[in-house]
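Examining the three-dimensional arrangement
Residues per chain are reported as follows:
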Amino acid sequence: MRVLIHLDGSVADPDTPQVRVDDLGLLRGDGVFETVLVSGGHARELDKHLDRLERSAGMLDMDTPDRQAWQRAVAAAIERWPEGSEMALKLVYTRGLDSDPGADPTAFALGIEVSEGLLRARAEGIAVVTLERGIDTELAERAPWLLLGAKSLSYGINMAAMREAERRGAEDVIFTAGDGTVLEGPIANVVVADAGTLYTPPPSIGILPGTTQAGLFRAAERAGWSTKIEPLRLEDLRDADGVFLTSSIRKVTRIHTLDGEQLPDSRALHAELAAAYESEYPG
Ligand code: PLP
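Residues numbered from 1 in each chain as written. Predicted model: local features only at pLDDT ≥ 70, side-chain atom pairs only at ≥ 80, totals over all residues. Heavy atoms only, no water.

**Remarks on the packing of aromatic side chains**
What the rule picks out here adds up to three aromatic pairs. Relative to Tyr155, the ring of Phe33 lies with its centre 5.1 Å away and its plane at 80°, an arrangement referred to as edge-to-face. Here Phe33, found in strand S3 (residues 31–39), pairs with Tyr155, found in the loop between helix H5 (139–142) and helix H6 (156–167); they are 122 residues apart in sequence, far enough to count as distant. Taken as a pair, Phe33 and Tyr155 share a single burial class, namely buried. Judged by centre distance (5.2 Å) and plane angle (65°), the ring pair of Tyr277 and Tyr281 falls under edge-to-face. Under the relative-accessibility criterion, Tyr281 is labelled buried at 9%. The positively charged end of Arg133 is found above the aromatic ring belonging to Phe175, 5.3 Å away from the centroid. (Phe/Tyr/Trp six-rings, centres within 6.5 Å; stacked < 30°, edge-to-face > 60°. Helix = DSSP H or I, 4+ residues; strand = E, 2+ residues; numbered from the N terminus. Buried < 20%, exposed > 50% of the residue type's maximum accessible area, 1.4 Å probe, protein only. Lys NZ or Arg CZ within 6 Å of the ring centre and 35° of its normal.)

This is the structure we're talking about:
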């Protein structure tokens, strides 16, 4: 099941060609995107996703996306999706055509099903390896043209890291800076739970501000947890009560094994945090 809505509101067939071969998103990964979880007919954290799409587009010197048009496209996708199943809704916004620099950006919303693998990971947890990202934590501020912290379409490195994880017998990755500081996953944020406090690293070190992490922190605070956004080191992960990857489609996924070492059993903690997170949203 898939649904495709162009930003102009037209509904299209996702099984027929829609994008020109000289689209800069295709030729150079030049563009930005978001992936929104739609559950129970509700697009979770849509405002925050649209804020981040705007911010990413700004970092790439692209025109500001038309917020209302995106809201309409999201509503149209939800309308066409069967009730009762979750949808991963990708909002894609490229620089447009190489051959016609004045043309509008290419922009569409593509809804797809959540894969079996991700549903299993949410339920059972995952093994993760740490991989060096080759950056230092001041690089984002020093060199904004590297687009650290923008959700650009250039995800080749992120996908290569996921394949490296698979080669090492794991299902996901935590990137580290050269000095061992914890960054994020290729498609998720890192959240650590320890002694009644949730921790996540600050976006200023060159990582994406996560909408799921923010939603989880809001929910957890309401449930009596403290939350802190501060740098984390690898040792902090090994000693913690629980370590999680958060993303819109992963939700709160428990890490049971880190670099081949089993972490403390955090199943009860995960159940508590996952329930708090779900309580944030209708449906
Ligand atoms: N970090 C990266 C690099 C991502 O690609 C993503 C989402 O795909 C996230 C973090 C998590 O963001 P969110 O919770 O808003 O989905």
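Let's pick the thread back up.
**Examining the domain arrangement of the protein chain**
Structurally, the protein chain comprises domain 1 (2–114) and domain 2 (119–279). Averaged C-alpha coordinates put domain 1 and domain 2 at centres separated by 25 Å. The interface is formed by 24 residues belonging to domain 1 together with 22 residues belonging to domain 2. Carbon and sulfur atoms make up 60% of the surface buried where domain 1 meets domain 2, a total of about 1900 Å² over both sides. (Domains from an automatic or database assignment. Contact = heavy atoms within 4.5 Å. Buried area = accessible area lost by both parts, 1.4 Å probe.)

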